[in-house]
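Take a look at the letters that make up each chain.
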Amino acid sequence: MTRWVVEVQVLSSALRSLLEPHGGDGGFPRVCCEGLREACAAGVDAAVGAGASYADARAVTRHLQSVGTKNGRVETLTDAETEGIGVRVLVGGAWGFACDRRLTPEGARDAALRACAFAAAAGVNGRRALAPLEARSGSYRTPVRQDPFSVSLADKVALCLRAEAAMQHSDVKVAQASVRALSERKLFLSSDGAEIDQELVECGGGIDAMAAVDGLFQMRSYPSAHVGVSAQAGWEFVEGLGLEREASRVAEEAAALLRADECPAAVTTVVIAAEQMQLQVHESVGHPTELDRVYGTEAAYAGTSFLQASDLGSLRYGSEHMNITADSTTPSGLGTFGFDDEGVPASREPVVAEGVLRGFLTSRETAARLGKGSGGSMRADGWARMPLVRMTNLHLEPGSGSLEELISEVDEGIFLDTNRSWSIDDKRLNFQFGTQVAREIKGGKLGRMLRDATYTGVTPVFWGSLDRVAGPEEWVMHGLTNCGKGQPGQHAHVSHGASPARFRDVQVGVKS
Amino acid sequence: MDALAIAERALALASGDEAEVVVGTERSGFARYAGSEVHQPTLIENAGVQLRLLRDGRAGLATTNRTDDEGLAELARRAADVVASASENPDLPPLASPASFPEIDGYDEETASLGAEDQARLAAAAIGASGDLDLYGYFTSGVCELAIASTTGLRASQRTTDATCLALAAGDGASGYAERTAWRAGEIDPAEVAEEAAGKAARTRGAQEAGPARYRAVLDPYAIAELLYYFSFDSLNGLALLEERSFFAGRIGEQVFDPQVTLVDDALDPSGLPAAFDFEGTPKQHVTLVEEGVIRGPVWDRATAARAGRESTGHALPAASRAFGPVPTAVTMAAGKAESVEELAELVGDGIYVTRLHYLSVVSPHEGVITGMTRDGTFRIRDGKIAEPLVNLRFTVSVPDLLADVPGLTRATQLVNESDFYDDRWAYGYRVPALATACFNVTGAGSGPGL
């Protein structure tokens, strides 16, 4: 993979007042207007004036277009905009956060003062250390060939209608298609002297066919089951998905599942397709390596982790074939940025190397507590939420060989493809996934189609049974937009790359 | 902010054959705590405006949170562009007509007036009552207004308040859970919530394994509410019925569940989180979903009701989520006669007792099969008594099987918050008793209680 490197200017905080609003960015147009900078500066200054030892302000504008069609009808056609500013402060060792939808100095000041009052009322005593960060000015913009907002809504509707028309089948009761486009502009200023200007552009799409007959219901989706897939890219990404091309296959497979045998219960070898591997990585590696979960701050809702901070560098997570990388520089990843929402530059770091835990996903605060790293995984859902430790792009690195080779080495087993259900315990140990489709593997070849497949395991045992990952030619990255965490709840947009992988002695066919 | 006034201004700028404006405002605070200190306090103020235009059988939606004249004018321009891009939809129902709306409770001045200092104080009251264990969770309160104005002459507006205290008392090898939610914050005693969580946690040390098996079980209200909420996504949803993925498909009028099982959706119930109308401006109806074990039907919004030849029951979701279909958000499960969970344990005899569920997922919508984990208080029941603590258990249950044989339910019911406060604030919850079942299918074991 090629790596995109963020250009930054490194400045001392003493120079902050002399900063020009635009850093070294390769010359692309300025993303945010001067008014946003003025608002952010007013928020930071007001917070510091009210006693904050640290403050940051994020001004965000977000534009989302959503198109969804179902059975020849336009179901969803939305153009949504939202804007506002969020101010985060540290007062007496306590965090505070408040937001305001006015993108003005007055709105920012009001938010800052409310955030300080809330922090003071929280009554936390003591200091809260943050990992050191050089003051930076910089900017980042998603590279796109065709701006997804330059494609008319009418053309987006037409694409969806064509794709679902190609899914017509006598057993398919519901054919649906969707596309989306998102643009988020944000300006970040902090009392440490950061000034960061970013514009992230996403788009994506997908199709689903739902078949039903005689009380049976089955579904097939492409490219994934989670309202399609998205990428930080231009409209060329959506065109490259080939929704129309794949539609008839998706419909035929949904119908065929109605007549398929149920996946039997067994302990067997499984070969898991790249799409399902992405969710496996997300749930059983991504979330447990979020350091805030390790330290317990998400215990009430999302849960904690089976990992301890002291496991770093020594815990055997899986077999030697397991290599996981957190990479916020991956081209087209939904977790790609120039800087995270604390102003930490994008980076590529190992999380698991040859089966051993080598890294956590961190914030400046959790990195300081760990005494290692500098953060870089703090992300907020829009302007009205505090940043949390979130995945960026988390990948299973490829091994070697083709999917066909992986299967050819299996005498008896199950091939599992496209997520259907997902659940994992609060420490991220016991998981159970279901897939839309499975196929029997016999004598090294794919056999009959199977429906209602599930598999279950315990995270380190399961990853310990990994005996081969397919090569770079099979490696696929998909972006998900529905990762939930936090109270109040936040959605994160993350990407995962994976190749198909093979695991031995896995329980499949869990019955109710 | 006067939400209806904003809606009127936006409507005046709209140009379409029909136009509908939905305005939602929010002022809220979250004093979120972990390790017995407030670590993520969040104050939110926002106002969202949605303009939906219908023109020549086409529909389009635009939204903004700018409520100045320029922002609303821009909204009208964008909505006009959107509707011009739509294709004709012969199934598109017209906008809701003016209606008289029921008088509801649901707004409390004292709750509305709570500010950051109050939220921090109430969080501190919970933290101070968790004893030797650290507390995790939050105290939140908010005031919201929902207003709808349309070219049909419909005008609707309601102000509501809500408050929730959520407490996980936890330490090494021990954790217990409790929560309270109400539209009057004064009904919530944060210390009592923390004490319940800490008391439950103290009983979870030394958790044992339990093997996969079909157990008899007692589920606390926290657990049964969560299970019913996930079951509602497909099986209590009129769209899912039309699309044949609801368990109710082909079974309406059949006796499927235990005669003790009655489920209604009643947003007018003052003991819940009341609402007078849905996000299309349809008055909320009292809907019987299951009556003494007999399936009566799902809930409907305007689009699905039109397809089914029925009337909307007032269950339209916000426009951004409407493709999901209508979902009941104020389900009440009829109470039983048991005086306590301990009495239900006597009815079960031998089985397990479950406090709370975690990370549910629908495995098979048509069969109502759901998987998930238990957490923060799972126990063995032996000889009719709640006995030793258990590790967190994976379950894969058919909800219809679970409700088919119900030895008992408690007389007391509890309102359980089912909104996780994603996106715009909208509090809703299910009021349920604790329930005993003859069929709770455990398919694996996970981590122990505690951090």
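Analysis parameters
Residues numbered from 1 in each chain as written. Chains lettered and ligands numbered in written order. Predicted model: local features only at pLDDT ≥ 70, side-chain atom pairs only at ≥ 80, totals over all residues. Helix = DSSP H or I, 4+ residues; strand = E, 2+ residues; numbered from the N terminus. Rg over C-alpha atoms; globule rule 2.2 N^0.38 Å. Buried ≥ 20, exposed ≤ 12 C-beta atoms within 10 Å, placed from the backbone. Contact = placed C-beta atoms within 7 Å. Axes fitted to C-alpha atoms, helices over the stretch in contact; angles between N-to-C directions. Parallel < 35°, antiparallel > 145°, perpendicular 65-115°, else oblique. Left-handed = near helix turned anticlockwise from the far one by under 90°. Nonpolar A, V, L, I, M, F, W, Y, C, P; charged D, E, K, R; others polar. Expected span 1.5 Å × (residues − 1). Domains from an automatic or database assignment. Pairing = 2+ DSSP bridges. pLDDT = per-residue confidence, 0-100.

Draft legend 1. A look at the overall build of chain B. Helix and strand content of chain B: 10 helices and 17 strands. For a compact globule of 451 residues, the expected C-alpha radius of gyration is about 22 Å, and chain B comes in at 23 Å, within 12% of that figure. Within chain B, the proportion of its 451 residues that are buried is 63%. When contacts within chain B are restricted to residue pairs at least 6 apart in sequence, long-range pairs at least 24 apart make up 73% of them.

Draft legend 2. Representation of the overall build of chain A in the model. The helix and strand inventory of chain A stands at 10 helices and 25 strands. A globule of 512 residues ought to have a C-alpha radius of gyration of about 24 Å, and chain A, at 24 Å, matches this closely. Along the longest, intermediate and shortest principal axes, the C-alpha atoms of chain A span 70 × 55 × 40 Å. A buried classification covers 65% of the 512 residues belonging to chain A. In chain A, 76% of the contacts between residues at least 6 apart in sequence involve partners at least 24 apart.

Draft legend 3. Here's a closer look at the packing of helix α1 (residues 3–13) of chain B against helix α2 (residues 69–85) of chain B. Residue and element names in this part refer to chain B. Here α1 crosses α2 at 50 degrees, and the two axes come no closer than 9 Å. Considering their axes alone, α1 and α2 lie oblique with respect to each other. For the element pair α1 and α2, the recorded crossing hand is right-handed. Across from Arg9, Ala10 and Leu13 in α1, the residues of α2 making contact are Leu72, Ala73, Leu75 and Ala76. Of the residues in the contact of α1 with α2, the class split is 6 nonpolar, no polar and 1 charged.

Draft legend 4. Geometry of helix α5 (residues 243–257) of chain A. Its 15 residues place the ends of α5(A) 20 Å apart at the C-alpha level, agreeing with the 21 Å of an ideal helix rising 1.5 Å per residue. For α5(A), the complete set of buried residues consists of Leu243(A), Ala247(A), Val250(A), Ala251(A), Glu253(A), Ala254(A) and Leu257(A).

Draft legend 5. Here's a closer look at the environment of Thr78(A). Along the chain, the position of Thr78(A) falls in strand β3 (residues 73–91). Note: C-alpha distance between Thr78(A) and Arg180(A) (102 residues apart in sequence) is 9.5 Å. Among residues more than four places away in sequence, those in contact with Thr78(A) are Gln65(A), Ser66(A), Leu61(B) and Ala320(B).

Draft legend 6. Representation of the domain arrangement of chain A within the structure. Residues and elements named next belong to chain A. Once the domains are mapped, chain A shows domain 1 (8–257) and domain 2 (261–508). Here the C-alpha centre of domain 2 lies 22 Å away from the C-alpha centre of domain 1. Listed per partner, the contact involves 46 residues of domain 1 and 37 residues of domain 2. The leading source of residues in the side of domain 1 that touches domain 2 is β3, at 6 residues.

Draft legend 7. Focus on the pairing of strand β6 (residues 174–182) of chain B. Residue and element names in this part refer to chain B. With respect to burial, β6 is a largely interior element, 9 of its 9 residues being buried. With burial as the criterion, each face of β6 is covered, one bearing Ala174, Gly176, Ala178, Arg180 and Ala182 and the other bearing Ser175, Tyr177, Glu179 and Thr181. With 9 bridges joining them, strand β5 (residues 155–171) and β6 adopt antiparallel strand pairing. Following the sheet pairing, alanine 170 is matched in β6 by serine 175. The hairpin turn running from β5 into β6, its antiparallel successor, is 2 residues long, and glycine 173 in that turn takes a positive phi close to 75 degrees.

Draft legend 8. How the structure looks around the domain arrangement of chain B. Residue and element names in this part refer to chain B. Annotation of chain B at the domain level lists domain 1 (3–202) and domain 2 (213–445). Computed from C-alpha atoms alone, the centre-to-centre distance between domain 1 and domain 2 is 23 Å. At the junction of the two partners, domain 1 supplies 35 residues and domain 2 supplies 29 residues. Secondary structure elements with two or more residues in the side of domain 1 that touches domain 2: β1 (18–34), β2 (37–55), β4 (134–150), β5 and β6. Broken down by element, the residue count for the side of domain 1 that touches domain 2 peaks at 6 residues, all from β6.

Draft legend 9. Highlighting the packing of helix α2 (residues 105–122) of chain A against helix α4 (residues 116–127) of chain B. Two numbers describe how α2(A) lies on α4(B): the axes approach to 9 Å, and their chain directions differ by 25 degrees. Taken as axis vectors, α2(A) and α4(B) run roughly parallel relative to one another. When you trace α2(A) past α4(B), the crossing you get is right-handed. Contacts from Arg114(A), Ala117(A), Phe118(A), Ala121(A) and Ala122(A) of α2(A) reach α4(B) at Ala116(B), Glu117(B) and Ala120(B). The residue inventory of the contact of α2(A) with α4(B), partitioned by class, reads 6 nonpolar, no polar and 2 charged.

Draft legend 10. Examining the interface of chain B and chain A more closely. Every contact between the two is made by 74 residues of chain B and, on the other side, 72 residues of chain A. Top contributing element to the side of chain B that touches chain A by residue count: β2(B), with 11 residues. Class assignment of the residues belonging to the side of chain B that touches chain A gives a composition of 34 nonpolar, 28 polar and 12 charged. As paired strands, β3(A) and strand β3 (residues 58–64) of chain B are joined by 3 bridges and run parallel to one another. Within the sheet, the bridge partner assigned to Ala80(A) lies in β3(B) and is Thr63(B).

Draft legend 11. View of the environment of Pro41(B). With respect to the helices, strands and loops of the structure, Pro41(B) is situated in strand β2. Judged by the 30 C-beta atoms lying within 10 Å of it, Pro41(B) is buried. It is 43 Å that separates the C-alpha atoms of Pro41(B) and Glu311(B), two residues lying 270 residues apart in sequence. If we ignore the near neighbours within four places in the chain, the residues touching Pro41(B) are Trp95(A), Gly96(A), Phe97(A), Phe118(A), Ala119(A), Ala122(A), Phe30(B), Ala31(B), Arg32(B) and Ala120(B).

Draft legend 12. A look at the sheet that holds strand β17 (residues 394–396) of chain A. All names here are of chain A. If you walk across this open sheet you meet the 4 strands as β14-β13-β12-β17, and the pairing is antiparallel. Every interior strand has two partners, whereas the edge strands, β14 (356–357) and β17, have only one. Bridge count for strand β12 (residues 324–327) against β17 is 3 bridges, and the pairing is antiparallel. By the bridge assignment, threonine 325 is partnered in β17 with histidine 395. Contacts between helix α6 (residues 274–286) and the sheet are confined to β12, β13 (348–353) and β17, with β17 contributing the most and set at about 115 degrees to the helix.

Draft legend 13. Representation of the confidence of the model for chain B in the model. When the pLDDT values of chain B are averaged, the result is 97; 100% of them are 70 or greater. Of the two predicted TM-score estimates for the complex, the pTM is 0.95 and the ipTM is 0.96.

Draft legend 14. A look at unusual backbone geometry. All names here are of chain A. The omega angle of the peptide bond from tyrosine 222 to proline 223 is -5 degrees, so this bond is cis rather than trans. Mapped onto the elements of the fold, proline 223 is located in the loop between β8 (216–222) and β9 (229–231). A cis amide bond links glutamine 487 with the next residue in sequence, proline 488, at an omega value of 5 degrees. Even without being glycine, aspartate 452 reaches a positive phi, approximately 55 degrees. Within the secondary structure, aspartate 452 sits in the loop between β20 (445–451) and β21 (453–458).

Draft legend 15. Highlighting the environment of Gly193(A). Along the chain, Gly193(A) falls in the loop between β6 (172–190) and β7 (195–213). Distance in space between the C-alpha atoms of Gly193(A) and Leu77(A) is 41 Å, their sequence separation being 116 residues.

Draft legend 16. Seen up close, the pairing of β7(A). Residue and element names in this part refer to chain A. Burial runs high along β7: 18 of the 19 residues are buried. The pairing of strand β5 (residues 136–141) with β7 spans 5 bridges and is parallel. Along β7, the bridge assignment pairs arginine 141 with glutamate 199. Here 17 bridges tie β6 to β7, and the two strands are oriented antiparallel to one another. Bridged to leucine 189 within β7 is glutamate 195. Where β6 folds back onto β7 in an antiparallel hairpin, the turn is made up of 4 residues, including glycine 193, whose phi is positive at roughly 105 degrees. Summarising the sheet, β7 and β9 pair through 3 bridges and their orientation is antiparallel. Within the sheet, the bridge partner assigned to glycine 205 lies in β9 and is valine 229.

Draft legend 17. Local environment of α2(A). Residue and element names in this part refer to chain A. Helix length check: α2, at 18 residues, gives a terminal C-alpha distance of 26 Å against a target of 26 Å (1.5 Å per residue), a fit within 8%. Among the 18 residues of α2, 15 are classified as buried, and the element is accordingly described as predominantly covered. Just past α2, the residue glycine 123 takes up positive phi, approximately 70 degrees.

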